[in-house]
Amino acid sequence: DAGVTQSPTHLIKTRGQQVTLRCSPKSGHDTVSWYQQALGQGPQFIFQYYEEEERQRGNFPDRFSGHQFPNYSSELNVNALLLGDSALYLCASSIDRGSYGYTFGSGTRLTVV
Amino acid sequence: AQSVTQLDSQVPVFEEAPVELRCNYSSSVSVYLFWYVQYPNQGLQLLLKYLSGSTLVKGINGFEAEFNKSQTSFHLRKPSVHISDTAEYFCAVTLFNNAGNMLTFGGGTRLMVKP
């Protein structure tokens, strides 16, 4: 049984560019959440998607946007990349908006140069 | 808004010794509590969770945690650690009846088990 799958695992981008990260949730899960984990810190909530809509959002600028597809997979888009966007981006899937806990993927390591 | 404080950024301990990782939270309403472990270059793995009921919660890999509402704490314990327990540990909370159940994490505690 596949867990949460994220792609790519690593990527390097230049300041000002745009990036798209992808997440396939665990089988049977309908909710996807995205977290940003800067080096040496705990994960910070970006937003959550349920029924193809953004249901909740953390304290992140509009440069961060997302999408959920009918098969429950999700994308995270970041525009106008800054050096400070360098981080591990974690996708977490769950049932019914996370009432019983989350399953995390291994993350995408984004480096902005 | 809720917040989580992990009081120790690093905890060194010898193999087979007991360990306690401390977690305190702040919230004006009732919360769910979680402990996650993160091994190098990996995502987060759920160790245990407190939703309701018994305040002593047992998780995987021999870990347990005790919910103390009066002290707003949820400390993680293991009676005898192994080298393989070396990792980063995160305490997290989410609110009851939260439409999105977003997790708020502490800053993490690095457990370093020495031979």
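How each quantity is defined
- Residues numbered from 1 in each chain as written.
- Chains lettered and ligands numbered in written order.
- Predicted model: local features only at pLDDT ≥ 70, side-chain atom pairs only at ≥ 80, totals over all residues.
- Heavy atoms only, no water.
- Helix = DSSP H or I, 4+ residues; strand = E, 2+ residues; numbered from the N terminus.
- Rg over C-alpha atoms; globule rule 2.2 N^0.38 Å.
- Buried < 20%, exposed > 50% of the residue type's maximum accessible area, 1.4 Å probe, protein only.
- Contact = heavy atoms within 4.5 Å.
- Buried area = accessible area lost by both parts, 1.4 Å probe.
- Salt bridge = Lys/Arg side-chain N within 4 Å of Asp/Glu carboxyl O.
- Nonpolar A, V, L, I, M, F, W, Y, C, P; charged D, E, K, R; others polar.
- Phe/Tyr/Trp six-rings, centres within 6.5 Å; stacked < 30°, edge-to-face > 60°.
- Pairing = 2+ DSSP bridges.
- Axes fitted to C-alpha atoms, helices over the stretch in contact; angles between N-to-C directions.
- Disulfide = S-S within 2.5 Å.
- Polar contact = N/O pair within 3.5 Å; in protein donor to acceptor, adjacent residues only side chain to side chain.

Q: Looking at this structure, how should I read the overall build of chain B?
A: Each helix and strand in chain B was counted, giving zero helices and 12 strands. Ordering the α and β elements of chain B from the N terminus gives β-β-β-β-β-β-β-β-β-β-β-β. Computed over its C-alpha atoms, the radius of gyration of chain B comes to 14 Å, within 12% of the 13 Å expected for a compact globule of 115 residues. Across its three principal axes, chain B shows a C-alpha extent of roughly 45 × 30 × 20 Å. Taking all 115 residues of chain B together, 49% fall into the buried category. Expressed as a percentage of contacts within chain B between residues at least 6 apart in sequence, the contacts between residues at least 24 apart total 56%.

Q: I would appreciate a short explanation of the interface of chain B and chain A in the present structure.
A: By a widespread convention, an interface's size corresponds to the accessible area lost as its parts come together. Residue-level contacts link 19 residues of chain B with 21 residues of chain A. Both faces combined, the contact of chain B with chain A buries some 1,500 Å², and carbon together with sulfur accounts for 52% of it. Among the residues of chain B in contact with chain A, Leu44, Asn101 and Met102 of chain B are the three that bury the most area, contributing 27% of the side total. Between the two partners, chain B and chain A, sit zero salt bridges. Every element with two or more residues in the side of chain B that touches chain A is listed here: strand S5 (31-38) and strand S6 (44-50) of chain B. Here the residues of the side of chain B that touches chain A sort into 10 nonpolar, eight polar and one charged.

Q: Hey, could you run me through the packing of aromatic side chains in this one?
A: To describe a pair of aromatic rings, one takes the distance between the centres and the angle between the planes. Scanning the entire structure with this criterion turns up 13 aromatic pairs over all chains. Taken together, a centroid distance of 5.9 Å and an interplanar angle of 50° make the contact between Tyr36 of chain B and Phe105 of chain B tilted. Taken together, the residues span a long stretch of sequence, with Tyr36 of chain B in strand S5 and Phe105 of chain B in strand S11 (residues 104-105) at a distance of 69 residues. A relative accessible area of 7% means that Phe105 of chain B is categorised as buried. On the numbers, 6.3 Å between centres and 90° between planes, the contact of Phe90 of chain B with Phe105 of chain B is edge-to-face. Taken together, the residues Phe90 of chain B in strand S10 (residues 87-95) and Phe105 of chain B in strand S11 connect sequence positions 15 residues apart. Phe105 of chain B matches Phe90 of chain B in its accessibility class, with the two residues each being buried. Taken together, the ring pairs connect Tyr35, Phe45 and Phe104 of chain A together with Phe34, Tyr36, Phe90 and Phe105 of chain B into an aromatic cluster.

Q: Explain the sheet that holds strand S3 (residues 19-24) of chain A to me, please; I cannot follow it from the model alone.
A: Backbone-to-backbone hydrogen bonds pair the strands of a sheet. The strands run either parallel or antiparallel. Residue and element names in this part refer to chain A. Across the sheet, which stays open at both edges, the four strands sit in the order S1-S3-S8-S7 with antiparallel pairing between neighbours. Strands with a single pairing partner mark the edges of an open sheet, and in this sheet they are strand S1 (5-7) and strand S7 (64-68). Put simply, the sheet's adjacent strands are angled 20° from each other on average, direction ignored. Summarising the sheet, S7 and strand S8 (residues 74-78) pair through five bridges and their orientation is antiparallel. Note that in S8 the partner of His67 across the bridge is Glu75.

Q: Help me out: how do you make sense of the state of the cysteines in this one?
A: Linking two cysteines covalently via their sulfur atoms produces the bond known as a disulfide. Residue and element names in this part refer to chain A. Applying the stated criterion across every chain yields a total of two disulfides over all chains. Between Cys23 and Cys91 runs a disulfide, and the two sulfur atoms are separated by 1.8 Å. Across the S-S bond of Cys23 and Cys91 the torsion is about -65°, and the bridge reads as left-handed. Residue Cys23 is found in strand S3, and its partner Cys91 is found in strand S9 (residues 87-94); the two are separated by 68 residues along the sequence.

Q: So what exactly am I meant to see when it comes to the side chain of His75 of chain B here?
A: On the secondary structure map, His75 of chain B appears in strand S9 (residues 73-78). Of the polar contacts made by the side chain of His75 of chain B, one reaches the backbone nitrogen of Cys23 of chain B; its length is 3.0 Å.

Q: How should I be thinking about unusual backbone geometry in this particular structure?
A: Of all residues except glycine, most have a negative phi; of all peptide bonds, most are trans. Along the chain, Ser7 of chain A connects to Pro8 of chain A via a cis peptide bond; the corresponding omega equals -10°. Tracing the backbone shows Pro8 of chain A in the loop between S1 and strand S2 (10-13). We note that Ala80 of chain A has phi near 45°; this positive angle belongs to a residue other than glycine. Tracing the sequence through the fold places Ala80 of chain A in the loop between S8 and S9. With a phi angle near 75°, Glu16 of chain B is a residue other than glycine that sits in the positive phi range. Judged by its relative accessible area of 62%, Glu16 of chain B is exposed.

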